[in-house]
Amino acid sequence: MEALLEKIIKDCAPYKTLGRPASYIPELANGDINDLGIYVTCSDGQSFMAGDALKPFTIQSIVKPILLLLCLMDNGPDLVRDKIGVEATGKPFDAINVTEGSLSSSHLNPMVNMGAILMCTMIKGRDSGERFSRLLELTRLLADNPSVELDQKVYLSEKQTGSKNRALAYLLKTYGMIDGDVEEILDCYFKACSIKVTCKDLANIAFTFANRGRHPLSDKRLFPAEYAHFVNAVLVTCGMYDGSGDFAVKVGVPAKSGVGGGIMAVSPTKMGIGIFSPGLDSKGNSIAGIKVLEQLSKEMYLSIF
Ligand code: GLU
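Please read all numbers here as calculations on a predicted model, not as lab measurements. (Residues numbered from 1 in each chain as written. Predicted model: local features only at pLDDT ≥ 70, side-chain atom pairs only at ≥ 80, totals over all residues. Heavy atoms only, no water.)

**Student:** I'd like to hear about the overall build of the chain, residue by residue, with values.
**Tutor:** When its secondary structure is counted, the chain shows twelve helices and eight strands. Taking 2.2 N^0.38 as the reference for a compact globule, 305 residues should give roughly 19 Å; the C-alpha atoms of the chain span a radius of gyration of 18 Å, in line with that estimate. Looking at the 305 residues of the chain, the share that counts as buried comes to 59%. Put simply, 69% of the contacts in the chain that link residues at least 6 apart link residues at least 24 apart. Counting every atom, the chain has about 12,200 Å² of accessible surface; 51% of that belongs to carbon and sulfur. In the chain, which carries 32 positive and 34 negative side-chain charges, the distance between the mean positions of the two groups comes to 1 Å. (Helix = DSSP H or I, 4+ residues; strand = E, 2+ residues; numbered from the N terminus. Rg over C-alpha atoms; globule rule 2.2 N^0.38 Å. Buried < 20%, exposed > 50% of the residue type's maximum accessible area, 1.4 Å probe, protein only. Contact = heavy atoms within 4.5 Å. Areas by Shrake-Rupley, 256 points an atom, 1.4 Å probe, with all protein chains shown as cover. Lys, Arg positive; Asp, Glu negative; His and termini not counted. Charge placed at Lys NZ, Arg CZ, Asp CG, Glu CD.)

**Student:** Go over the side chain of Ser277 with me, naming the residues and quoting the values.
**Tutor:** Structurally, the position occupied by Ser277 is in the loop between strand E8 (271-276) and helix H12 (287-300). The residues contacting Ser277, other than those within four sequence positions of it, are Lys16, Asp35, Leu36, Gly261, Ser286, Ala288 and Gly289.

**Student:** How would you sum up the sheet that holds E8? Please name residues and give values.
**Tutor:** With respect to topology, five strands assemble into an open sheet ordered E2-E1-E8-E7-E6, the strand pairing being antiparallel. With one partner strand each, in any of the chains shown, strand E2 (47-51) and strand E6 (255-257) form the two edges of the open sheet. For this sheet, the mean angle separating the axes of adjacent strands, direction not counted, is 10 degrees. Note: E6 against strand E7 (residues 262-267), three bridges, orientation antiparallel. Note that in E7 the partner of Ser257 across the bridge is Ile263. Along the sheet, helix H1 (residues 2-12) makes contact with strand E1 (37-42) and E2, crossing E2 at roughly 25 degrees. (Pairing = 2+ DSSP bridges. Axes fitted to C-alpha atoms, helices over the stretch in contact; angles between N-to-C directions.)

**Student:** How would you sum up the state of the cysteines? Please name residues and give values.
**Tutor:** Per the stated rule, a full pass over the model turns up zero disulfides. This cysteine, Cys199, is not joined by any disulfide, and Cys12 carries the nearest cysteine sulfur, 13 Å off. (Disulfide = S-S within 2.5 Å.)

**Student:** Requested: an account of the pattern of salt bridges, with residues and values cited.
**Tutor:** Throughout the structure, instances matching the rule amount to twelve salt bridges. For Glu149, the salt bridge is made with Arg140, and the minimal N-O distance between the two is 2.9 Å. The class of Arg140 is buried, set by a relative accessible area of 16%. A salt bridge links Lys250 to Asp246; the nearest nitrogen and oxygen atoms lie 2.9 Å apart. Remark: Asp246 and Lys250 occur in helix H11 (residues 244-250); sequence separation between them is four residues, near one turn of the helix. Judged by relative accessible area, which is 47%, Asp246 ranks as partly exposed. Each of the salt bridges in this network shares a partner with another, and the network as a whole consists of Glu137, Arg140 and Glu149. (Salt bridge = Lys/Arg side-chain N within 4 Å of Asp/Glu carboxyl O.)

**Student:** Tell me about the packing of helix H6 (residues 152-161) against helix H8 (residues 182-193), and please be specific about residues and values.
**Tutor:** Across the interface, H6 lies against H8 with an axial gap of 9 Å and an inter-helix angle of 140 degrees. Accordingly, the angle class assigned to the pair H6 and H8 is oblique. For the pair H6 and H8, the crossing hand works out as right-handed. Across from Tyr155, Glu158 and Lys159 in H6, the residues of H8 making contact are Glu183, Asp187, Phe190, Lys191 and Cys193. Residue composition of the contact of H6 with H8, grouped by class: three nonpolar, no polar and five charged. (Parallel < 35°, antiparallel > 145°, perpendicular 65-115°, else oblique. Left-handed = near helix turned anticlockwise from the far one by under 90°. Nonpolar A, V, L, I, M, F, W, Y, C, P; charged D, E, K, R; others polar.)

**Student:** Which residues make up the packing of aromatic side chains, and what values do they have?
**Tutor:** Counted under the stated rule, the structure contains five aromatic pairs. Note on Tyr24 and Phe93: the rings are 6.3 Å apart at their centroids and 40 degrees apart in plane angle, and the pair reads as tilted. Of the two residues, Tyr24 sits in the loop between H1 and E1 while Phe93 sits in the loop between helix H3 (77-84) and helix H4 (113-122), which places them 69 residues apart along the sequence. A relative accessible area of 11% means that Phe93 is categorised as buried. (Phe/Tyr/Trp six-rings, centres within 6.5 Å; stacked < 30°, edge-to-face > 60°.)

**Student:** Residues and numbers for the pairing of E2, please.
**Tutor:** Inspection of the sheet shows E1 paired to E2 by five bridges, in the antiparallel sense. Bridging from a neighbouring strand, Val40 pairs with Phe48 of E2. Where E1 folds back onto E2 in an antiparallel hairpin, the turn is made up of four residues, including Gly45, whose phi is positive at roughly 90 degrees.

**Student:** Just give me the short version of the site of the ligand, but keep the residues and values in it.
**Tutor:** With respect to spatial proximity, 13 residues lie near the ligand, and among them Tyr24, Gln60, Ser61, Tyr189 and Tyr241 are the closest. The contact in question runs from a nitrogen atom of the ligand to an N or O atom on the side chain of Glu158, over 2.8 Å. Contacts to the ligand include Tyr241, whose side-chain N or O atom sits 2.5 Å from an oxygen atom. The fraction of the free accessible surface of the ligand (300 Å²) that becomes covered by protein chains is 99%. Residues of the shell around the ligand, tallied by class, amount to seven nonpolar, five polar and one charged. (Near = heavy atom within 4 Å. Polar contact = N/O pair within 3.5 Å; in protein donor to acceptor, adjacent residues only side chain to side chain.)

As far as function goes, none of this settles anything; it's purely spatial.
If you want it as structure tokens, here you go:
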């Protein structure tokens, strides 16, 4: 397996420089497009890596499945479906998706920014700080890494420049979908996106979804299997932004990408996969990262379809 991963990383290296790091968050523009790494956590307890698998980067939108899980744990699936919906929007992650002067849950989704900002108000906590702390704790638990922390520089960079997210949050407020202070709510969202992880962390987190809620090493139950089904289904339909259909055809597993260059992929019952390569396509997906997954999926027959 190690040799296969090394080969795939080598084969896909030419794709690293085809994309560009996200620049709308100034701190992310410093990403090195020469980075490419993969970590795989398998169901037999073994793990494998190649390339820059232990280099830290910010989780960005890959926090959305974790936020969705916490939202499910705090509110149950009915309320989550009612308030946020599960249908793919088919639009970019930061789209202002309003029709005929109204906004409803059918314009949202847990994997787009509006849905994620709303989820930041649904998770339990006395204030935004406590909500974020609970999310960070859950991330550490799933990653099996108590030292997962916030990247302060990226957080401040997002907070200073996040006008589009402010626009989305004020729209939610205008239509009565969120209450309270918008800046405080966004503080939780910006911090959530700025959690620092490695491919190893993402692979372990993915494995809990692949293993229907059980810890990768101890096999202890961390959350109900039903919530893993919920999150995996949402990932298949909209985890790769408005490129989810193409990804389903080419790779065929539940996955989530982030504009930091990470991809978390779930191979149900088999493995959790974490990928990192900051060169993005126009939709915000890592170009070399998708190529790596495409090749791994072919070699190991991972497609669920
Ligand atoms: N923090 C980013 C934003 O809200 C996350 C986007 C992403 O990774 O898709 O713009």
